[in-house]
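Observations on the three-dimensional arrangement
Residue-level listing of the chains:
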Amino acid sequence: ISLLFGLLAVSCTFCAALTITGSRPLAFLAAALLAFNPQFLFVSSYVNNDSAATALGAAAFLLVAIELATGPKRPALRGYLLMALLLGIGMLVKKATLPCLSVAALTILLTDARPLARRLRALGLLAAVALLLASPYLIWNIAHYGDPLGLRVEQAANALLPGPESFGGLWSYFSGTY
């Protein structure tokens, strides 16, 4: 299944690059940069959720590319609903997808030319659909861990690991140690 998600990620990357640039050689280059990345090849060869997370990111890239390329020619609500589907699945697959998918959702919101009130209604619908899709997982987390994303259990599991303060602060950690 990871291989299928990897193929989906490469296909979405190709289609997104083709949509943005209109150049098949550049689209093949973008897809090849992903497809032949050694870590991506390795991750696509065993069962994990990283391949699915990559596929979700590539699908968001494609969705944003389509929305930017088509502009006001089609209903913007469809883009919001598709983004809600990606966010809902992202919450179920891997929490690490949420920052990338949130940036994609923000891009769709900021490039929408409709009046602000309509965009905000569409954003509310996006949030409602995404939360509805992820609600079984969120409810389960609340019941078992006390918060919707299970962050308390992650903090407890990582409590003994050294943080950036052990390496001279954030700047020193990210510019050197990390």
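The structure we're discussing is the one just above.
A few points on the structure. Think of each chain on its own: its residues are numbered from 1, step by step along the sequence as written. Local features in this predicted model are restricted to residues whose pLDDT is 70 or higher, and side-chain atom pairs enter the listing and the counts only when it is 80 or higher, whereas totals over whole chains, interfaces and linings include all residues. The side-chain numbers reported here are obtained from all heavy atoms of the structure, hydrogens and water having been left aside.

**Some details on the nonpolar core**
For the record, the criterion: We define a nonpolar core as any set of buried Ala, Val, Leu, Ile, Met, Phe, Trp, Tyr and Cys residues linked to one another through side-chain atoms lying within 4.5 Å. Burial classes: relative accessible area under 20% of the type maximum marks a residue as buried, over 50% as exposed, and values in between as partly exposed (1.4 Å probe, protein chains only). Under the scheme used here, helices are H or I runs from DSSP no shorter than 4 residues and strands are E runs no shorter than 2 residues, and both carry numbers assigned from the N terminus. Working rule for contacts: check all heavy atoms of both residues, and any pair within 4.5 Å makes them a contact.
Tyr80, Met83, Leu86, Leu87 and Leu126 are the most contacted members of the largest nonpolar core, which totals 37 residues. Breaking this core down by element, the ones donating at least two residues are helix H1 (2–21), helix H2 (24–35), helix H4 (50–70), helix H5 (76–93), helix H6 (97–111) and helix H7 (116–145). A per-element tally of this core places H4 first, with 9 residues. Residues within four places of leucine 87 in sequence aside, it is in contact with Leu98, Leu101, Ser102, Ala105, Leu126 and Ala130.

**Observations regarding H2**
Cut-off, in case you're wondering: One fewer than the residue count of a helix, multiplied by 1.5 Å, yields its expected span. Directions drawn from the helix axis to the C-beta atoms are what define this arc. Pairs of N or O atoms are called polar contacts if they sit within 3.5 Å, as long as, within protein, a hydrogen donor faces a hydrogen acceptor (for residues adjacent in sequence, only side-chain-to-side-chain pairs).
For H2, which comprises 12 residues, the first-to-last C-alpha distance of 16 Å matches the rise-based estimate of 16 Å (1.5 Å per residue) to within 8%. Within H2 the residues assigned to the buried category are Ala27, Ala31 and Ala35. Along the axis of H2, the buried residues cluster in a sector spanning 70°; they form a single face. Opposite its buried face, H2 presents the exposed residues Pro25 and Leu33, each directed more than 90 degrees away. On the buried face of H2, the contacting elements are H1 and helix H3 (38–43). Sitting at the head of H2, serine 23 places a side-chain oxygen 3.3 Å from the backbone nitrogen of leucine 26.

**Considerations on the environment of glycine 88**
Tracing the sequence through the fold places glycine 88 in helix H5. In this structure, the C-alpha to C-alpha distance between glycine 88 and serine 23, residues 65 residues apart in sequence, is 32 Å. Sequence-distant contacts of glycine 88, defined by excluding residues within four places in its chain, comprise Ala130, Leu133 and Ala134.

Shape descriptors only; they carry no functional weight alone.
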